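Observations on the three-dimensional arrangement
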Number of protein chains: 2
Amino acid sequence: MSRFITPEKLDLLFEKLESLGLDLLYLSDSESHRDVNMKYITGHPEDASLFLDVRNRQTVLIPWDYQISKQYSEVNQLVNMSDFEGGVIAATIETLKDLSRKENPKIGVPKDIPYYYVRLINDQLPAGEIIYDPNNIDNVLDKLRETKSPFEIKLIQESFKISNTIVDNLEEKFQNSNNIKTEMDLATYVENRMRHLGAMSVGFETLVASSARSWQIHTYPRAHPTLQMNRPGLALIDFGVNAKGLTSDVTLPFVFGKMNEKMKKIVETVQQAHDESVEKLKEALYLHEVAEVASSIIERAGYSMPHSLGHGIGLTVHDSPFVRKKPTHEALLKSWEAVKIEQGMIITIEPGIYEQDVGGFRLENDVVITSKGPEIVTNSRPLFIN
Amino acid sequence: MSRFITPEKLDLLFEKLESLGLDLLYLSDSESHRDVNMKYITGHPEDASLFLDVRNRQTVLIPWDYQISKQYSEVNQLVNMSDFEGGVIAATIETLKDLSRKENPKIGVPKDIPYYYVRLINDQLPAGEIIYDPNNIDNVLDKLRETKSPFEIKLIQESFKISNTIVDNLEEKFQNSNNIKTEMDLATYVENRMRHLGAMSVGFETLVASSARSWQIHTYPRAHPTLQMNRPGLALIDFGVNAKGLTSDVTLPFVFGKMNEKMKKIVETVQQAHDESVEKLKEALYLHEVAEVASSIIERAGYSMPHSLGHGIGLTVHDSPFVRKKPTHEALLKSWEAVKIEQGMIITIEPGIYEQDVGGFRLENDVVITSKGPEIVTNSRPLFIN
């Protein structure tokens, strides 16, 4: 394996960090705090400290597991924490001091860095300056991940392929008598299928909402051990396949039994919002235009959508960019920027409506923006089960 | 459902926060930053902001999903973010202002809080003071979670029961011919079993290391889709069952085929370290004494253990307390405190040895400290497969 960021994008990143006057950028990833940029910039899957040495254009990685890093990472310098008494924190401190060649280095951090590391850097380099600048540092990283490289697009194809087989399997399975009784049975079936078809892991914990609770946006537990799947009404399964490091994300909605008028209206509105969003992607310049098409369809029908229309997918299931309406709140508007639709983006389109007395319905597919325009790469569609 | 912290412990927490001079304690939990204290103090499973109003002894929760919170949380005040234009951040800001009844409130934060929230609080309350004090704030929270309540101990029993059935199933399965070919097959079998037996979810992603890579401490991917499980040598599976919110954590080691002398020595040393650690738990006063028994056995045999002997389990798989040796590094020693072995603790004992040319072997069981002393509640043991 190797890092996911391209050499050109890594150059761009260093240039941008230099233009911000930074000497170092510090990133961390740990069990309680995941930062997708770690894997993106180094290839190392998890649990590490990373310095970007801006002047020398060097990446310096301090992993918790040196062997895993030797196998997966692609960096200029790999620090073995066993060389330091006191583990990865001691190794991070020594590396920080070593890389800070002046008394008052400027050290950039992403906005969600655990506060602990900010204090640690302050303690170790009292004359140093922590640079917190989400509008530049975080936005630059997000921007780089917004478009995927040909290598990333190739890797994610396998996730789409497995997802599509599973959608077909589900249709076939539910049209015949089957042994899926509970929400958990359905989650288990789908996860077993993806593993059987070669997935490395789930992209995220499979979410199943039978008609008893599909009106809720989240489900807890994600799939319920005893709630019955086949009860009449609206239901859904939301799953992701991680075949080669990048995840797909699809939601397949179900209608069990006969629809009443209220259900029919929700199903038709969601389908229309889905189809017209995809159409709009072909001609729109900016992502928020697409989100606004879906919202206006849903709102004209008398509902409101409690989540964004979609999001990027990749090394993490909620990657940049987000497919959201232009905000109305003044504070949010201040830092808002329109996101251009660009070749290489991989996004979800997932309109949903959730009504406590009727049920919830969400249709989600993945779209790759190619040189020829948007291409729907997954095959999710509503399943009507009588 | 309800919160997990007992009323007595919540009182203790408020008293301690008051003695630190705090007006508020702020906690957050989100997709990129998990804080087990959120679920512990409120019962709300995930994605929220929480204020502890110290003077008024009130818990104030601002969840991303209000419906989930209504169902699961037990707090004094539940804030509905839909009442605020601008979502949960706007709701958090307004709640913060509302609860800060003086100009310069002291607001405590845990050490791993995303830096974003520290800046947000600073921006909103320039005269307020952020209190970063891991030796008190984090330690108090960790200390409260170190011992489990009778309610928590009751809930986790179901996880132990399912784990134990699975261990027995595995022994039976591997003693007969079976269809487990790859690491992934084994992970799938175990996860299907736990779901069939009523688990809500895995406690953590199941880790399988066949002899090809058992010498590595971590595995990535956690279970490999094609690596063969039955190849001669040392192997292991590390899995956790979450039946009712709390997770078990056991590692079952395998020996496939005939052992050579090197393997035999590792297997015997790990078994001895495991057994003598459990014995030591009966008479020791402090956890580090137990860790030191295991380490000295392993070191006397010529190996070193690259991880701690064990850790607490509960709402999260790596809970407090940690079962570690007394540190030797000066900086670590300064903030170190011996941890007394106390009734209500639930910990893992998991000695392991990893040698690149031989393989890795770890035996892990869970122990509850009862009024009558330590009780091993799981039944993991090495499986010898010919």
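Now for a quick tour of the structure. Bear in mind the structure is a predicted one, so any value in this text is a computation, not a measurement.

Observations concerning the relation of the copies chain B and chain A
When chain B is fitted to chain A, the best match, at an RMSD of 0.0 Å, comes from turning it 180° and sliding it 0.0 Å along the axis. Here the copies are linked by what is in effect a two-fold axis.

Structural notes on the sheet that holds strand β4 (residues 77–78) of chain B
All names here are of chain B. Taken together, the six strands give an open sheet; going across it, the order is β4-β3-β2-β1-β5-β6, and neighbouring strands pair in mixed fashion. Of all the strands in the sheet, just β4 and β6 (129–132) have a single pairing partner and so form its edges. Note that strand β3 (residues 58–63) and β4 share two bridges and pair parallel. Note that in β4 the partner of Leu-61 across the bridge is Leu-78.

Here's the deal with the nonpolar core
Core analysis: the largest hydrophobic core is formed by 45 residues, its most contacted members being Phe51(A), Tyr115(A), Phe51(B) and Tyr115(B). It is helix α5 (residues 115–124) of chain B that provides the largest number of residues to this core, a total of six residues. The contacts of Phe51(B), once residues within four sequence positions are left out, are Leu24(B), Leu25(B), Tyr26(B), Gln58(B), Thr59(B), Val60(B), Ile62(B), Thr92(B), Thr95(B), Leu96(B) and Leu99(B).

What to know about the pattern of salt bridges
Under the counting rule described, the total for this entry stands at 48 salt bridges over all chains. For Lys280(B), the salt bridge identified is with Glu283(B), shortest N-O distance 3.2 Å. Taken together, the residues span about one helical turn, with Lys280(B) and Glu283(B) both in helix α9 (residues 261–283) at a distance of three residues. Among the ionic contacts, a cluster of salt bridges with common partners joins Asp142(A), Arg145(A), Lys148(A) and Asp319(A).

Structural notes on the packing of aromatic side chains
This model, assessed by the stated rule, comprises 19 aromatic pairs over all chains. Arranged with centres 5.2 Å apart and planes meeting at 80°, the rings of Tyr132(A) and Tyr115(B) form a pair that is edge-to-face. Pair noted here: Tyr132(A) is in strand β6 (residues 129–132) and Tyr115(B) is in helix α5, and the two residues belong to different chains. Of the two residues examined, Tyr132(A) and Tyr115(B), each falls in the buried class. An aromatic cluster is defined as three or more aromatic residues linked by ring pairs; in this entry it consists of Tyr26(A), Phe51(A), Tyr116(A) and Tyr117(A). Lying across the ring of Tyr116(B), Lys111(A) places its NZ or CZ 4.8 Å from the centre.

The rules behind each value
Residues numbered from 1 in each chain as written. Chains lettered and ligands numbered in written order. Predicted model: local features only at pLDDT ≥ 70, side-chain atom pairs only at ≥ 80, totals over all residues. Heavy atoms only, no water. Least-squares fit on C-alpha atoms with pLDDT ≥ 70 in both. Pairing = 2+ DSSP bridges. Helix = DSSP H or I, 4+ residues; strand = E, 2+ residues; numbered from the N terminus. Core = buried A, V, L, I, M, F, W, Y, C linked by side-chain atoms within 4.5 Å. Buried < 20%, exposed > 50% of the residue type's maximum accessible area, 1.4 Å probe, protein only. Contact = heavy atoms within 4.5 Å. Salt bridge = Lys/Arg side-chain N within 4 Å of Asp/Glu carboxyl O. Phe/Tyr/Trp six-rings, centres within 6.5 Å; stacked < 30°, edge-to-face > 60°. Lys NZ or Arg CZ within 6 Å of the ring centre and 35° of its normal.

Treat this as a map of the structure, not an account of what it does.
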